[in-house]
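# Residue-level structural notes
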Amino acid sequence: YENFKEIIPKEIYNKIIKGKLRRKAKRYRVDNYITKMLKLRNVIDKSIVVFGTLTLKDEILDLKENTYIRKIHNYLKSHYDMVILNKDFGKKNEREHYHYIGLTHEPIEETEKKSRCGIKLYKLQKQDYNLGFEPTIEIVNFEDKKKVRNYLLKLNNHSTKNTTKSRFRVLYNPLIKIFFEYKKEI
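Right, let's walk through the structure included here. Fair warning: this is a prediction, and the values are worked out from it, not measured in the lab. (Residues numbered from 1 in each chain as written. Predicted model: local features only at pLDDT ≥ 70, side-chain atom pairs only at ≥ 80, totals over all residues. Heavy atoms only, no water.)

### Digging into the overall build of the protein
The helix and strand tally for the protein stands at five helices and seven strands. Written out in order from the N terminus, the α and β elements of the protein read α-β-α-α-β-β-β-β-β-α-β-α. Across the 186 residues of the protein, 38% fall into the buried class. Sequence separation of 24 or more characterises 64% of the internal contacts of the protein that already satisfy a separation of 6 or more. Accessible surface computed for the protein: about 12,400 Å², of which carbon and sulfur atoms make up 52%. (Helix = DSSP H or I, 4+ residues; strand = E, 2+ residues; numbered from the N terminus. Buried < 20%, exposed > 50% of the residue type's maximum accessible area, 1.4 Å probe, protein only. Contact = heavy atoms within 4.5 Å. Areas by Shrake-Rupley, 256 points an atom, 1.4 Å probe, with all protein chains shown as cover.)

Here you go:
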C-alpha cells in the first residue's frame, strides 16, 4: 500500500487486493475440477474432454432464468458425465451464452467448420439441443501440455471474467454423482 497511498485510499486498495485473491482462488478451484475430470476420464472407456459454447434463442432468453438454466443443465447432464459451465456475455452485443468443458463418452462427428484458431470442430452424434444453435465442440488434447494449458487458460479466462460474476457451475451426470458419493464412503 505504501507505493499507492498518495493515489488511492486504503479501503479501495483493500478491495482491489481482495478481488485479485478471489480471482486467484476461482482459478485454483477450476483447475481442481479439471484435474478431477481427467481422473474420471481415465476410468470411463472411450471418453473425451471437449470445450463448447451454448447459445440461446431469443424466445428462450425471454423465459425466466431458472427455467432455461434447468433446461441447459438437463441437456448437459444427458450428454456429459461431468461439466464445468459458466455464464458469459458477448463483448459486442452483451448477449448471454454459456461456455463449458465437458467429459463425454458419446459418439461425435466431424463438421466442416473450424474455430477461429483453425481447430477442427465436432458435434455430438445425437443432436437434440433445442435452445439455440446445435453446439459445436473442440476436442481437448491432453497429450500436448501446451494445448492443455491453453484450454485451461481459455476456460479460466471465461470463468473469471468480470462479466461472468458468480455463474460458474460444476454439473455431474446422476450416475457419475453416485460414483463420487460411493467413492467418498469407501
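### Focus on the packing of aromatic side chains
Counted according to the given criterion, the structure contains two aromatic pairs. Considering the side-chain rings of tyrosine 75 and tyrosine 129, the 4.9 Å spacing of their centres and the 65° angle between planes classify their relative orientation as edge-to-face. Placement of tyrosine 75 in helix 3 (residues 65-79) and of tyrosine 129 in the loop between strand 5 (120-124) and strand 6 (137-139) is noted, with a sequence separation of 54 residues between them. Accessibility classification places tyrosine 75 together with tyrosine 129 in one group, the buried group. A ring pair is formed by tyrosine 80 and tyrosine 100, whose centres lie 5.3 Å apart and whose planes are at 65°; its orientation type is edge-to-face. Placement of tyrosine 80 in the loop between helix 3 and strand 2 (82-89) and of tyrosine 100 in strand 3 (residues 96-104) is noted, with a sequence separation of 20 residues between them. Accessibility assignment for this pair places tyrosine 80 and tyrosine 100 in one class, buried. (Phe/Tyr/Trp six-rings, centres within 6.5 Å; stacked < 30°, edge-to-face > 60°.)

### So, the side chain of serine 115
Mapped onto the fold, serine 115 is located in the loop between strand 4 (108-114) and strand 5. In this structure serine 115 comes out as buried when scored by relative accessible area, which is 16%. Every residue in contact with serine 115, bar those within four places of it in the chain, is listed here: Leu121 and Glu138.

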